[in-house]
Amino acid sequence: MIQRIQTLYLFLAAVISSGLIFVFHLWTNNEGAKVYALDNYWCLGLFLGSALLSLISIFRFKDRKSQFVLGRLNIILNFILLGVFVYQSLSLSGEINVSEKGIGVLLPIFSIVCLVLANKAIKKDEDLVKSVDRLR
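Quick caveat, the model's predicted, so the values are computed rather than measured.

A.B. asks: Even after reading the chapter, I still don't get the nonpolar core, so can you show me in this structure?
C.D. replies: Across soluble globular proteins, nonpolar side chains show a tendency to be buried alongside one another. Within the largest apolar cluster, 25 residues are counted, with the highest numbers of intra-cluster contacts made by Ile21, Leu26, Trp27, Phe47, Leu81 and Phe85. Contributing elements (two or more residues each) for this core: α1 (5-18), α2 (41-58), α3 (64-90) and α4 (107-135). Considering every element that reaches this core, the biggest residue donor is α2, with six residues. Excluding residues that lie within four positions of it along the chain, Leu81 makes contacts with Cys43, Leu46, Phe47 and Pro108.

Pasting the structure below:
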């Protein structure tokens, strides 16, 4: 059903991945200009892909197994996004492009937390359905 707690978690992950990337900057470069996700197409694509997976997962409420798999894929996508941020901030010699990190770098972590809570609720629902099937 669509009114479950995992829907709230998945919606929150979608809002974090699609809406907050336009509000919070990812980092500040050496010139003092704030860099948003719109300026980096890789980050924008990964953020919007994560939001799309969350929204698809919300509407797959009838098939809990695929909803769980989509949640896992979304967690992996957010870890890849987090890895891109870490690579970009640590591999540059002398911090050529990144001088100050913004709160936007932490958005994948918040999204991962919401997705883990959603997967936990989906697993709980699946276990409940299996236990009722055993009683028949």
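Still to come is the rest of the account.
A.B. asks: I'm lost on the packing of aromatic side chains in this one. Help?
C.D. replies: For any pair of aromatic rings, the description rests on two quantities: the centre-to-centre distance and the angle between the ring planes. Taken as a whole and assessed by the stated rule, the structure comprises one aromatic pair. Where Phe47 meets Phe85, the ring centres are 6.0 Å apart and the plane angle is 45 degrees; that geometry is what we call tilted. With Phe47 in helix α2 and Phe85 in helix α3, this pair connects stretches of sequence that are 38 residues apart. There is no split in this pair, since Phe47 and Phe85 are both buried.

A.B. asks: Is there a simple way to think about the packing of α2 against α3 in this case?
C.D. replies: Helix packing geometry: the angle between the two helix axes and the distance between the axes. Close contact between α2 and α3 brings their axes to 9 Å; oriented N to C, the two are set at 165 degrees. The angle between the axes of α2 and α3 places the two elements in the roughly antiparallel class. For the pair α2 and α3, the crossing hand works out as left-handed. Along its contact with α2, which presents Cys43, Leu46, Phe47, Gly49, Ser50, Leu53, Ser54, Ile56, Ser57 and Ile58, the element α3 presents Gln67, Leu70, Leu73, Asn74, Leu77, Asn78, Ile80, Leu81, Val84 and Phe85. For the contact of α2 with α3, the per-class residue count stands at 13 nonpolar, seven polar and no charged.

A.B. asks: Explain the environment of Leu106 to me, please; I cannot follow it from the model alone.
C.D. replies: Following the sequence through the fold, Leu106 ends up in the loop between β3 (100-101) and α4. A relative accessible area of 38% places Leu106 in the partly exposed class.

A.B. asks: Would you mind showing me how to read the pattern of salt bridges here?
C.D. replies: Throughout the structure, instances matching the rule amount to four salt bridges. Among the ionic pairs, Arg4 bridges to Asp125, the shortest N-O distance being 2.7 Å. Within this pair, whereas Arg4 is found in the segment before α1, its partner Asp125 is found in helix α4, the two being separated by 121 residues in sequence. Taking relative accessible area as the criterion, Arg4 reaches 34% and is therefore assigned partly exposed. Using a relative accessible area of 11% as the deciding quantity, one classes Asp125 as buried. The salt bridge involving Arg64 is made with Glu126; its shortest N-O contact spans 2.9 Å. Of the two residues, Arg64 sits in helix α3 while Glu126 sits in helix α4, which places them 62 residues apart along the sequence.

A.B. asks: I tried to follow α1 on my own but got confused; where do I start?
C.D. replies: Along an α-helix, a turn takes 3.6 residues, which lines up residues three or four apart on a common side. In this model, α1 (14 residues) spans 20 Å end to end at C-alpha, consistent with the 20 Å of a helix rising 1.5 Å per residue. If you check which residues of α1 are buried, you get Gln6, Thr7, Leu10, Ala13, Ala14, Ile16 and Ser17.

A.B. asks: Before we go on, may I ask you to explain the side chain of Asn119 in this structure?
C.D. replies: By the secondary structure assignment, Asn119 is in helix α4. Excluding residues that lie within four positions of it along the chain, Asn119 makes contacts with Gln67, Phe68, Gly71, Arg72 and Ile75.

A.B. asks: Explain the environment of Ile103 here, please?
C.D. replies: Following the sequence through the fold, Ile103 ends up in the loop between β3 and α4. Accessibility expressed as a relative area gives 39% for Ile103, which makes it partly exposed. A sequence separation of 77 residues divides Ile103 from Leu26, and the C-alpha atoms of the two residues are 6.3 Å apart.

Calculation notes
- Residues numbered from 1 in each chain as written.
- Predicted model: local features only at pLDDT ≥ 70, side-chain atom pairs only at ≥ 80, totals over all residues.
- Heavy atoms only, no water.
- Core = buried A, V, L, I, M, F, W, Y, C linked by side-chain atoms within 4.5 Å.
- Buried < 20%, exposed > 50% of the residue type's maximum accessible area, 1.4 Å probe, protein only.
- Helix = DSSP H or I, 4+ residues; strand = E, 2+ residues; numbered from the N terminus.
- Contact = heavy atoms within 4.5 Å.
- Phe/Tyr/Trp six-rings, centres within 6.5 Å; stacked < 30°, edge-to-face > 60°.
- Axes fitted to C-alpha atoms, helices over the stretch in contact; angles between N-to-C directions.
- Parallel < 35°, antiparallel > 145°, perpendicular 65-115°, else oblique.
- Left-handed = near helix turned anticlockwise from the far one by under 90°.
- Nonpolar A, V, L, I, M, F, W, Y, C, P; charged D, E, K, R; others polar.
- Salt bridge = Lys/Arg side-chain N within 4 Å of Asp/Glu carboxyl O.
- Expected span 1.5 Å × (residues − 1).

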